[in-house]
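Tertiary structure, described
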Amino acid sequence: MTIVSRFAPSPTGFLHIGGARTALFSWLLARHSGGKFLLRIEDTDRERSTQEAIDAILDAMKWLGLDHDGEITYQSERAERHNEVIDQLVEAGHAYYCDCTKEQVDAMREKARAEGRKPKYDGSCREKNLGPGPDRVVRLKAPIDGATAYDDMVKGPIAVNNEEMDDMILRRSDGTPTYNLAVVVDDHDMGVNHVLRGDDHVNNTPRQILIYKAMNWDVPVFGHVPMILGPDKKKLSKRHGALSVMEYEKMGYLPEAAVNYLARLGWSHGDQEIFSTEEMVKLFDTKNLGNSPSVFDLKKFEWVNAHWIKEADPERLADLILDFLAREDGPEAAENAPRTKLLALIPHLQPRAKSIVEMVPQSRPFLVTADQLEYDEKAATKFINDEARPLLEEIRAKIEADSDFTHDSLEAICKGLVEEKELKFKNLAQPLRVAVTGSTQSPSIYDTMLVLGKDETLARLERAVKL
RNA sequence: GUCCCCAUCGUCUAGCCCGGUCCAGGACGUCGGCCUUUCACGCCGAUAACAGGGGUUCAAAUCCCCUUGGGGACGCCA
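Procedures and definitions
Residues numbered from 1 in each chain as written. Chains lettered and ligands numbered in written order. Predicted model: local features only at pLDDT ≥ 70, side-chain atom pairs only at ≥ 80, totals over all residues. Heavy atoms only, no water. Phe/Tyr/Trp six-rings, centres within 6.5 Å; stacked < 30°, edge-to-face > 60°. Helix = DSSP H or I, 4+ residues; strand = E, 2+ residues; numbered from the N terminus. Buried < 20%, exposed > 50% of the residue type's maximum accessible area, 1.4 Å probe, protein only. Polar contact = N/O pair within 3.5 Å; in protein donor to acceptor, adjacent residues only side chain to side chain. Contact = heavy atoms within 4.5 Å. Domains from an automatic or database assignment. Buried area = accessible area lost by both parts, 1.4 Å probe. Salt bridge = Lys/Arg side-chain N within 4 Å of Asp/Glu carboxyl O. Nonpolar A, V, L, I, M, F, W, Y, C, P; charged D, E, K, R; others polar. Pairing = 2+ DSSP bridges. Axes fitted to C-alpha atoms, helices over the stretch in contact; angles between N-to-C directions. Near = heavy atom within 4 Å. Core = buried A, V, L, I, M, F, W, Y, C linked by side-chain atoms within 4.5 Å. Parallel < 35°, antiparallel > 145°, perpendicular 65-115°, else oblique. Left-handed = near helix turned anticlockwise from the far one by under 90°.

**Some points on the packing of aromatic side chains**
The way to describe two aromatic rings as a pair is by their centre distance and the angle between their planes. Across all of its chains, the model carries 12 aromatic pairs by this definition. Where Phe 25 meets Phe 284, the ring centres are 5.8 Å apart and the plane angle is 25 degrees; that geometry is what we call stacked. A residue pair is termed long-range when its members are at least 10 positions apart, and Phe 25 in helix α1 (residues 17-32) and Phe 284 in the loop between α9 (277-283) and β12 (294-295) qualify at 259 residues. You'll find Phe 25 and Phe 284 in the same group, each marked buried.

**Overview of the side chain of Gln 350**
The residue Gln 350 is located in the loop between α13 (339-349) and α14 (356-367) in this model. Owing to a relative accessible area of 8%, Gln 350 belongs among the buried residues under this scheme. At 3.0 Å, the side chain of Gln 350 and the backbone oxygen of Ile 309 are in polar contact. Residues within four places of Gln 350 in sequence aside, it is in contact with Ile 309, Lys 310, Ala 312, Pro 314, Leu 317 and Met 359.

**Things to note about the domain arrangement of chain A**
When the domains of chain A are assigned, the result is domain 1 (4-71 + 229-297), domain 2 (75-225), domain 3 (312-363) and domain 4 (372-465). Distance between the C-alpha centres of domain 1 and domain 3: 28 Å. In this assembly, 7 residues from domain 1 lie in contact with 8 residues from domain 3. Broken down residue by residue, the surface that domain 1 buries against domain 3 is led by Lys 250, Gly 252 and Leu 254, which jointly contribute 60%. The partner of Arg 316 in a salt bridge is Glu 256, and the shortest N-O contact between them spans 2.2 Å. Contributions of two or more residues to the side of domain 1 that touches domain 3 are made by α7 (245-250) and α8 (255-264). Of the residues in the side of domain 1 that touches domain 3, the class split is 3 nonpolar, 1 polar and 3 charged.

**Some remarks on the sheet that holds strand β4 (residues 95-98)**
With respect to topology, 3 strands assemble into an open sheet ordered β4-β5-β8, the strand pairing being antiparallel. Where the open sheet ends on each side, the last strands, each with one partner, are β4 and β8 (169-171). Averaged over all neighbouring strand pairs, the angle between strand axes comes to 45 degrees, with direction disregarded. Sheet topology note: the β4/strand β5 (residues 137-140) ladder contains 4 bridges and is antiparallel. Directly across from Cys 98, in β5, lies its bridge partner Val 137.

**Description of the protein's contact with RNA strand B**
Near RNA strand B you find 59 residues, and of these Arg 109, Met 227, Arg 352, Arg 433 and Ser 442 are the closest. Close to the protein, within 4 Å, the atoms of RNA strand B are drawn from sugar and phosphate at a rate of 68%. Tyr 179 has a polar backbone atom sitting 3.2 Å from a phosphate oxygen of RNA strand B. Here a phosphate oxygen of RNA strand B and a side-chain polar atom of Lys 234 are 3.4 Å apart. Contributing elements (two or more residues each) for the surface near RNA strand B: α4 (102-114), β7 (156-161), β12, α10 (298-311), α18 (425-437) and α19 (445-452). When residues in the surface near RNA strand B are grouped by element, the largest group, 5 residues, is from α18. In terms of residue class, the surface near RNA strand B is built from 19 nonpolar, 19 polar and 21 charged.

**Notes on the nonpolar core**
Counting 98 residues, the largest nonpolar core has Leu 24, Phe 296, Ile 395, Ile 399 and Leu 432 as the members making the most contacts within it. With 9 residues, the top contributor of residues to this core is α1. For Phe 296, the residues in contact, after removing those within four places along its chain, are Ile 17, Ile 228, Leu 229, Leu 236, Tyr 248, Tyr 261, Leu 262, Leu 265 and Phe 301. Grouped together as the second largest cluster of nonpolar side chains are 30 residues, Leu 89, Tyr 97, Met 168 and Val 202 included.

**What about unusual backbone geometry?**
Of note, the phi angle at Asn 129 is positive, near 55 degrees, even though the residue is not glycine. Take Asn 129: it is sitting in the loop between α4 and β5.

**Description of the pattern of salt bridges**
Evaluated as defined, the whole model comprises 35 salt bridges. Its salt-bridge partner being Arg 81, residue Asp 189 comes within 2.8 Å of it at the nearest N-O pair. Within this pair, whereas Asp 189 is found in helix α5 (residues 179-190), its partner Arg 81 is found in helix α3 (residues 79-91), the two being separated by 108 residues in sequence. Judged by its relative accessible area of 31%, Asp 189 is partly exposed.

**Topic: the environment of Tyr 150**
The residue Tyr 150 is located in strand β6 (residues 147-152) in this model. A C-alpha to C-alpha distance of 9.9 Å links Tyr 150 and Gly 223, two positions 73 residues apart in sequence. In this view, Tyr 150 contacts Gly 156, Pro 157, Ile 158, Val 202, Thr 205, Ile 209, Phe 222 and His 224; residues no more than four positions away in its chain are not counted. A polar contact of 3.4 Å, which involves the side chain of Tyr 150, links it to the side chain of His 224.

**Some points on the packing of helix α16 (residues 388-401) against helix α20 (residues 454-465)**
Two numbers describe how α16 lies on α20: the axes approach to 9 Å, and their chain directions differ by 155 degrees. Looking at the two axes, α16 sits roughly antiparallel to α20. Here α16 runs over α20; the crossing is left-handed. Residue-level inspection shows Arg 389, Leu 392, Glu 393, Ile 395, Arg 396, Ile 399 and Glu 400 of α16 in contact with α20, the latter providing Lys 454, Thr 457, Leu 458, Leu 461, Glu 462 and Val 465.

Laid out in structure tokens, this is it:
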């Protein structure tokens, strides 16, 4: 059987980390088996659904690389088909009209609860054989006894006694289909045979199975992934720090890192921590999905991100750094930045960066000219002092005279000077570092000068001694 | 209240299905050390968990029951 899975977000906000992970697992499930991954937008709640939210979700999925097959299904466009199915159900005797008022139903629920039972509609209209009419809803004629069971891909066997479930409404009194009905019809029509979704739908599953059975349709395989918790162990929500996945892009995370980290949150493959997306596709198996909720740990996410930054192609990192630079310093800063120099620098930055945003201040000194360089005040006062100035002047002269300007020649110059003056290396290296970068932190001093180039290094030394 | 789900280091998890190889393994974090021209990286080491109680068994993290704790659901929302 070809696996067909889907992701079905309702467009009422951005795609947050929890939704992204559900989408990822569904995508992985399909891609692993060479099946199809479909996308359906559940926009039947006209009040809350927005085009902006749809775009935001699509953008986030694109960023993560979760491509879907075929056209996007919009649930709101399918009301006619939903109603057609409801009519079939009524005709077949699996559903019936009900004219109980909301107040009456509330009273029934109240009563049931008072008696210590699960609140539910009592089925008054089940056998009334009512026809369509104003203010009437259509309810499913659910089995009264027996149980509805299924084997959850992540939780294992789950069974619910049918008496726990009430005759749920399929069509509202205003003629619109309800969620549970719409989901079943859409999944069936789309050919979806594997449904992987959030934990909060476990209770809906037996109800939906009842609809499949009433229609005599094949029941898909279901799986419910546990939710993601905040550091306080509370469910991640907008109020509780659930950020849009795109916020992580803004914080300088790489999509492959996000995918890697998200996958490890609830899924495992032995002791392995680092997975490329291709590797995950190859190894993914719902058997290894965890069944307890997990806490989102930004520290570990950072570590994963640091790993993928080390692996990333410098050309791509250069583009990203320039994007961030443009955002922070304005477009002209990025346009004027010497890309070649940045490319030479990036391999030295990769081992020391946890995010792209961190790489921006580390790059900046290399992207401006000597006269634009900003010196960190503390660093300058501490290291560019009366002792350092003559040293820097001497170094400047030696570098000027050095026609090679290589790692080896620079090392020879510095080591020679250290020996000659009987200095500790850092008493030379730190002033030099501050002089050429404006900061106490940079890659190796030789690499730093090499990336800057001879002219720029000399210009900065000249400027530094006058500080 | 009723039903459903969950429970291994601070965190993510392996192990649990098919009991012994687990006085519980890996990773993040934290702490210490090494490396070192700064910041990092890297390397080495340490820290720390089977929620509790009963069974079953020669033997239980693993199987069964109960308790506790957490979460979810109970809508003419999705």
